[in-house]
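Structure at a glance
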Amino acid sequence: MRVACVGPLPPLRSGVADCTARLLPYLQSHFVSTRIIIPDYDPQIPSDVVDVIWRLDLRGRHWWEGGRYLPLYQMGNHSAFHNYVYDLLLQYPGITVLHDGSLLPFIHARTVEAGNPGAYVREAAFEEGKMGARRALDALHRGTALDPDAFFMLRRVVKSSLGVIVHSQHLRYRVLEVVPEAEIAVVSLPYTRTCPGISTEEAKQRLGYSAETLLIGAFGYIAPQKRVDVALRAFAQICRDWPNARFVGVGQEVPGYDLRTLVAELGIADVVDMPGYVSREVFDLYLMAVDAAVNLRYPWSGENSDTLLHLLGAGVPTLVSDVGAFQELPDEAVFKIPIDEQELDCVKQALREILQKREDVRHLSEVAQGFVRETADPVMVARQYAAFMQRVI
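Small disclaimer: the values here were computed from a predicted structure and weren't measured. (Residues numbered from 1 in each chain as written. Predicted model: local features only at pLDDT ≥ 70, side-chain atom pairs only at ≥ 80, totals over all residues. Heavy atoms only, no water.)

We now examine the overall build of the protein. From N to C terminus, the protein includes 14 helices and 13 strands. For 393 residues, the compact-globule formula gives about 21 Å, and the C-alpha radius of gyration of the protein, at 22 Å, lands near that figure. With respect to the three principal axes, the spread of C-alpha positions in the protein is 65 × 50 × 35 Å. Looking at the protein as a whole, 55% of its 393 residues are labelled buried. If you take every contact in the protein between residues at least 6 apart in sequence, the share linking residues at least 24 apart comes to 69%. (Helix = DSSP H or I, 4+ residues; strand = E, 2+ residues; numbered from the N terminus. Rg over C-alpha atoms; globule rule 2.2 N^0.38 Å. Buried < 20%, exposed > 50% of the residue type's maximum accessible area, 1.4 Å probe, protein only. Contact = heavy atoms within 4.5 Å.)

Close contact between helix α1 (residues 15–27) and helix α14 (residues 378–392) brings their axes to 9 Å; oriented N to C, the two are set at 75°. Taken together, the axes of α1 and α14 are roughly perpendicular relative to one another. Where α1 approaches α14, its residues L23, Y26 and L27 are matched on the opposing element by P378, V379, V381, A382 and Y385. Classifying every residue of the contact of α1 with α14 gives 8 nonpolar, no polar and no charged. (Axes fitted to C-alpha atoms, helices over the stretch in contact; angles between N-to-C directions. Parallel < 35°, antiparallel > 145°, perpendicular 65-115°, else oblique. Nonpolar A, V, L, I, M, F, W, Y, C, P; charged D, E, K, R; others polar.)

Once the charged atoms of two side chains with opposite charge are near each other, the side chains can pair. Under the counting rule described, the total for this entry stands at 23 salt bridges. One salt bridge connects R55 with D40, and the closest N-O pair in it is separated by 3.9 Å. Residue R55 is located in strand β3 (residues 52–55), and its partner D40 is located in the loop between β2 (33–38) and β3; the two are separated by 15 residues in the primary sequence. In this structure D40 comes out as exposed when scored by relative accessible area, which is 56%. R246 is the partner of D273 in a salt bridge, and the nearest nitrogen-oxygen pair spans 3.0 Å. Placement of D273 in strand β10 (residues 272–276) and of R246 in strand β9 (residues 245–250) is noted, with a sequence separation of 27 residues between them. In this structure, a network of salt bridges that share partners links the residues D18, R280 and D284. (Salt bridge = Lys/Arg side-chain N within 4 Å of Asp/Glu carboxyl O.)

Each aromatic ring pair is summarised here by two numbers: the centre-to-centre distance and the angle between the ring planes. Counted by the stated rule, this structure contains 5 aromatic pairs. Ring geometry for F219 versus F283: centroids 5.4 Å apart, planes at 75°, classification edge-to-face. Taken together, the residues span a long stretch of sequence, with F219 in strand β8 (residues 214–219) and F283 in helix α10 (residues 280–289) at a distance of 64 residues. Side by side, F219 and F283 carry an identical accessibility label, which is buried. Between F235 and F247, the ring centres sit 5.8 Å apart and the planes meet at 55°, which makes this aromatic pair tilted. With a gap of 12 residues between them, F235 in helix α8 (residues 228–238) and F247 in strand β9 connect regions that are remote in the sequence. Under the relative-accessibility criterion, F235 is labelled buried at 0%. Put simply, the rings of W63, W64 and Y92 touch in pairs and so form one group of aromatic residues. (Phe/Tyr/Trp six-rings, centres within 6.5 Å; stacked < 30°, edge-to-face > 60°.)

What follows deals with the packing of α8 against helix α9 (residues 259–266). Running from amino to carboxyl end, α8 crosses α9 at an angle of 15°, the nearest separation of the two axes being 10 Å. Of the possible angle classes, the one that applies to α8 and α9 is roughly parallel. The chirality of how α8 crosses α9 is right-handed. Contact residues: α8 offers V228, D229, L232, R233 and A236, while α9 offers L259, L262, V263 and L266. Residue classes in the contact of α8 with α9 are distributed as 7 nonpolar, no polar and 2 charged. (Left-handed = near helix turned anticlockwise from the far one by under 90°.)

Structure below.
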């Protein structure tokens with residue numbers, strides 16, 4: 001079997017790109033030939049993990065070669081990175097790895113925001129029939145978006161795919177609700193350790209903190225659904241009990257999500273750092289340096305968290321929202337935070353337990369690392385990909 005991998009790769013700033021790059025070296029042994037299909041940029045991957053890098057701007061023989069290559073599409077919600085994936089997916093059926101459980105923002109971006117509202121109505125109709133078309137027209141008239149809990153915009157992608165790979169049972173159930181006859185497999189994101197083999201104390205010192213600093217981190221895109229504002233409010237109420245505690249938000253901030261004003265209002269500007277987007281090497285240093293991580297997510301749109309996988313693999317005590325795919329994690333591996341009015345109090349309590357360095361927190365770290373070893377080993381993940389692809393075709 002020959003496979004053509006279609007999706008973003010580093011240096012693009014994307015969790016999907018990072019996951020795909022980690023998987024490629026392990027997929028290669030399962031196929032006669034492996035090629036990647038990308039727009040015109042230079043991917044940062046080892047030269048020996050694929051046979052051909054095929055840029056879509058090249059003329060000549062088609063990358064699909066009349067069906068000799070089975071496409072493996074990495075489909076996510078970032079329109080700038082996945083528009084070409086979506087276009088090819090609709091033309092050349094293959095296996096789709098679905099990284100998000102709702103493509104509504106993606107469809108909105110490539111239709112309404114691109115000046116084609118009629119296509120938005122068409123897609124809503126394909127998803128939910130005449131009712132979908134009526135609701136899309138109403139949303140356009142009111143200048144709002146469709147209800148994200150009612151319109152996942154998955155039907156066209158799933159219907160156009162020979163098979164679908166997802167990363168959680170929750171998303172599997174959602175896909176089957178939309179297309180009951182879909183061929184689908186649940187396979188974990190792959191994990192390979194990228195953090196340097198140094199102690200937490202040394203990582204802190206390399207970042208300019210003292211070895212005694214108690215560091216709480218939030219990672220990835222800093223967006224409203226990540227609930228970083230809740231984490232900051234909780235931190236503001238407990239940091240006075242730990243004078244050496246600091247909070248760090250590592251990742252690009254979404255425009256309009258003004259956490260710096262909140263930090264000033266809470267009076268914690270002197271113990272909060274927001275370095276923004278950093279290189280992978282610095283990101284990994286922060287992963288090694290933190291004593292606790294807050295990885296909340298609500299509303300949940302069906303996605304898994306690549307950053308969470310790295311936090312668990314590094315044994316970092318981590319808080320997650322008790323929703324969706326995160327409910328599938330072992331209770332002994334993470335702190336599960338309810339998404340109701342108890343959220344703030346539960347975040348405070350969890351952070352207190354971590355900063356007190358209780359014995360059960362050390363056990364939690366061990367369980368988390370064991371879970372990642374058992375479920376996210378890249379050799380096993382690649383084998384599951386290949387077995388599903390063989391079965392489907």
